[in-house]
Amino acid sequence: MTDRQLAVVVLAAGKGTRMKSDLPKVLHPILGRTVLGWVLEAARPLDAARVVVVTGHQADEVEASLPESVTTARQVQQRGSGDAVAAALPALEGFTGDVLVVNGDGALFTTETMRAVVEGHQSRGSVATALAIRGDVALPYGRVIRGADDVVDAIVESVDATPEQLAVDELNAGVYCFDADVLRGAVPRLSDDNAKGELYITDLLGIAHGDGGRTLGVVAGGPEELLGINTRLDLAEVEAILRRRILEQHMLNGVTISMPETVLIEPTVTIEPDATILPRTILRGATRVATGALVGPDAGLHDTVVERGAHVDRSVAREARVGEGALVGPWAYLRPNAELRQGAKAGTFVEIKNSVVGENAKVPHLSYVGDATIGEGTNIGAGNITANYRPELGRGKQRTTIGANVRTGSNSVLVAPVTIGDNAWVGAGSIVVQDVPAGALAVARARQTNIEGYAERVMDGATS
Ligand code: UD1
Ligand code: CA
């Protein structure tokens, strides 16, 4: 790109009626990011001097979703995409250079395509440029009409087009680049004398051309970039394409993904080469998977770190950390601040929250561990519960501290706050309410009483 300054304007004031939603169209989420967020992310590497988002319909909600770095401009009445550009002009006051204008519902626009439009515009001395994508003439998109020397005479909306114009297969995708001064000169001359009675951004090319400026169409991008989001069907189709793009990137980076058509990975997730993702796995947010790790099948991880060689099998985790070589599942649930250290295990039907499970410590079956610290090499018996909620002690949760190499018997309840010393044992079925010294055995259950001859006596009574 030349050293001309660049501003980006994203049009996001439209109503999106066909979504049939209370949520503004551009705020619908796709893979953890809004439709508008995808557009802004694609534009980000262009390093624009200013980024302006035009809001209107449900402007408060849309503006609240935006980062500080973005300027917003309000379009009071939704009188068309041309009027939306007009609304952005005050935010471009004093700006000279080029203005890239992008439809806010184009979640599939790539950085490369946007860059191709800016580069084509700048390198060929254009004053107004549109992205043209070859596509099916049955599609209801604007037609890019070329005259002599490849110059664009006009863009005609399909509803306003003649049969000859409709036969043109260069379709307007909704990405434009304008010289800022030309834009300011042309916008006030837009008219709503057309089929929709709206001010069309697309008419700006015809106006600039009429003024004798060079107006061009840049053919770039793939046919899927034509897909604006107007209905929930479009939303699902766009999601499928974005999902596939992300998976392909990971696979090309050296990640094995089995049955990729069943896997969903958000764009914010990082995965190292030689990690393996098994079917029906969903990875969201700031999740990070290290090399050699195996995730899935049927795993759902959100903001979770999985270290080298760990395995998460058929489990759900949020804001958790699975250490090197640790094992999770099948069917475990790791909640915020659950941390499994190297070689640790959280097995089947185990829930862990705000706790550390020490190196090589194991919680293999049917347990709840909350607000606890478990030392190295400790084994928690099947069906153990840390009773962390003691309302009589206050609103907060109470901690359970378990030392290293402890053995707790099955079906024990550790009533917090309580500490179990290193190498201690807890007898099965114990309800532990007092600290257990290191190396001790705690048995905290009623002693067994055997009543001799009981069955015989009962049966005698029943038959007499
Ligand atoms: C628009 C183009 C069409 C192109 C298609 C590609 C116009 C006139 N037509 O049609 O040539 O083929 O995109 O997807 O632009 N907007 C506002 N305020 C308004 C109206 C619209 O901000 O008053 C915004 C919308 O939020 C949207 C963009 O402008 O991001 C385009 O508007 P939309 O109604 O979606 O236009 P299309 O009919 O899809
Ligand atoms: Ca649209």
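Now for a look at the structure at hand.

What counts, and where the lines are drawn
- Residues numbered from 1 in each chain as written.
- Chains lettered and ligands numbered in written order.
- Predicted model: local features only at pLDDT ≥ 70, side-chain atom pairs only at ≥ 80, totals over all residues.
- Heavy atoms only, no water.
- Helix = DSSP H or I, 4+ residues; strand = E, 2+ residues; numbered from the N terminus.
- Buried < 20%, exposed > 50% of the residue type's maximum accessible area, 1.4 Å probe, protein only.
- Areas by Shrake-Rupley, 256 points an atom, 1.4 Å probe, with all protein chains shown as cover.
- Lys, Arg positive; Asp, Glu negative; His and termini not counted.
- Charge placed at Lys NZ, Arg CZ, Asp CG, Glu CD.
- Pairing = 2+ DSSP bridges.
- Donors = N, O, S within 2.8 Å, 3.2 Å for Na, K, Ca; no water.
- Salt bridge = Lys/Arg side-chain N within 4 Å of Asp/Glu carboxyl O.

Observations regarding the overall build of the protein
- When you go through the protein residue by residue, the secondary structure sums to 9 helices and 41 strands.
- The principal-axis extent of the C-alpha atoms belonging to the protein is close to 110 × 55 × 45 Å.
- Counting all 464 residues of the protein, 49% fall into the buried class.
- For the protein, the exposed area adds up to about 21300 Å²; of that, 50% sits on carbon and sulfur atoms.
- For the protein, the distance from the average position of its 43 positive side-chain charges to the average position of its 57 negative side-chain charges is 7 Å.

Here's the deal with the pairing of strand E28 (residues 350-353)
- Here strand E25 (residues 332-334) runs beside E28; their pairing, made up of 3 bridges, is parallel. Its bridge partner being in E28, Tyr333 is matched across the sheet by Glu351.
- The pairing of E28 with strand E31 (residues 368-370) spans 3 bridges and is classified as parallel. Bridging from a neighbouring strand, Lys353 pairs with Gly370 of E31.

Describing the coordination of the calcium ion (ligand 2)
- Of the protein atoms, only Asp105 (OD) and Asn230 (OD1) coordinate the calcium ion (ligand 2), at distances of 2.5 to 3.1 Å. Of this pair, Asp105 sits in the loop between strand E6 (98-103) and helix H4 (111-123) while Asn230 sits in the loop between strand E11 (215-219) and helix H8 (232-252), and the two are 125 residues apart along the sequence. Accessibility classification places Asp105 together with Asn230 in one group, the buried group.

Quick look at the pattern of salt bridges
- What the rule picks out here adds up to 26 salt bridges.
- A salt bridge links Asp298 to Arg280; the shortest N-O distance between them is 2.8 Å. A residue pair is termed long-range when its members are at least 10 positions apart, and Asp298 in the loop between strand E18 (294-295) and strand E19 (300-302) and Arg280 in the loop between strand E15 (276-277) and strand E16 (282-284) qualify at 18 residues.
- Taking relative accessible area as the criterion, Asp298 reaches 30% and is therefore assigned partly exposed.
- A residue is classified by how much of its surface remains accessible, and Arg280, at 40% relative accessible area, is partly exposed.

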